Amino acid sequence: MEIKDPRNHFSKENGALSGEKTSKTIRKLKDMKGFYEDEEAFNKMDPETVLYEVEMHAPVKAGTEGGLFFGTSFLNPGKVGEEFFMTKGHFHEIINRAEYYWGLEGEGVLVFMDEDGNASAEKVCPGSLHFVPGKIAHRLVNTGDTKLAVGACWPADAGHQYGPIAESGFGVRIKEKNGTIIAE
Ligand SMILES: O=P(O)(O)OC[C@H]1O[C@H](O)[C@H](O)[C@@H](O)[C@@H]1O
Ligand SMILES: [Fe+2]
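Residues numbered from 1 in each chain as written. Chains lettered and ligands numbered in written order. Predicted model: local features only at pLDDT ≥ 70, side-chain atom pairs only at ≥ 80, totals over all residues. Heavy atoms only, no water.

In the annotation of an unreviewed UniProt entry, the entry for the chain reads glucose-6-phosphate isomerase, and the organism field reads Salipaludibacillus aurantiacus. Taken verbatim from the UniProt record of the chain, the Pathway (unreviewed entry) comment is "Carbohydrate degradation; glycolysis; D-glyceraldehyde 3-phosphate and glycerone phosphate from D-glucose: step 2/4." (UniProt positions renumbered as here; feature names shortened; annotations may be inferred.)

Caption draft 1: Just the pattern of salt bridges, in detail. What the rule picks out here adds up to 13 salt bridges. E176 serves as the salt-bridge partner of K79, at 2.7 Å between the closest nitrogen and oxygen. Taken together, the residues span a long stretch of sequence, with K79 in strand β6 (residues 79–80) and E176 in strand β14 (residues 174–177) at a distance of 97 residues. On the basis of relative accessibility, which here comes to 33%, the residue K79 falls in the partly exposed class. You can call E176 partly exposed: its relative accessible area is 28%. A salt bridge links R97 to D157; the nearest nitrogen and oxygen atoms lie 2.7 Å apart. With R97 in the loop between β7 (83–84) and β8 (99–105) and D157 in the loop between β13 (148–155) and α2 (163–168), the pair connects residues that are 60 residues apart, well separated along the chain. Residue classification places R97 among the partly exposed positions, given a relative accessible area of 22%. When salt bridges with common partners are traced through the structure, they connect E37, E82, E83, R173, K175, K177 and E184 into a single cluster. (Salt bridge = Lys/Arg side-chain N within 4 Å of Asp/Glu carboxyl O. Helix = DSSP H or I, 4+ residues; strand = E, 2+ residues; numbered from the N terminus. Buried < 20%, exposed > 50% of the residue type's maximum accessible area, 1.4 Å probe, protein only.)

Caption draft 2: The arrangement of a nonpolar patch on the surface in detail. Side chains of Y100, L129 and F131 sit close together on the surface and give an oily, nonpolar patch of about 340 Å² of accessible area. Its location among the elements puts L129 in strand β11 (residues 129–132). (Patch = residues over 30% accessible without salt bridge, like charges linked within 9 Å, V, L, I, M, F, W, Y side chains within 5 Å. Areas by Shrake-Rupley, 256 points an atom, 1.4 Å probe, with all protein chains shown as cover.)

Have a look at this one:
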């Protein structure tokens, strides 16, 4: 029997993916209307500004029970007003589905929120490991001056539920005030 070469690779430095069945999603400022607090600052910025990119390895179809997806998110550094660049954030469509995140490069914060709107936050750094339990919304924030790269692995049938976040946010925003990173 032939021992084959691996079909996929990820960069040990920043998690960049290569190989079969990988895809890339780009999210720009214009995709996040209503997500940031300072609408005046938002409207002054170039809507084509790239906020983050997600590379994904999807060996099975979305919705496959028992399947897994593997991805790396790359968040650019920057702010809208005082608020750091962040992902949209989501609950899973099948809400009890959990997920792992791990920090690869850069500095950030992972914000969690339960179904009652109670929020909490953890620092993300190279080598940090984060378990996101089911029924918990999650959002990544880049609090550094460099790109934040974070790996993730989640069930292929988890799906994304953005509605509740678009409506009422996470109850907490990660900002820089007087040179300090705060959650308020
Ligand atoms: O979907 P967003 O909230 O914009 O986050 C961007 C992406 O971040 C991680 O890689 C998640 O595991 C993905 O499922 C998610 O799509
Ligand atoms: Fe998720």
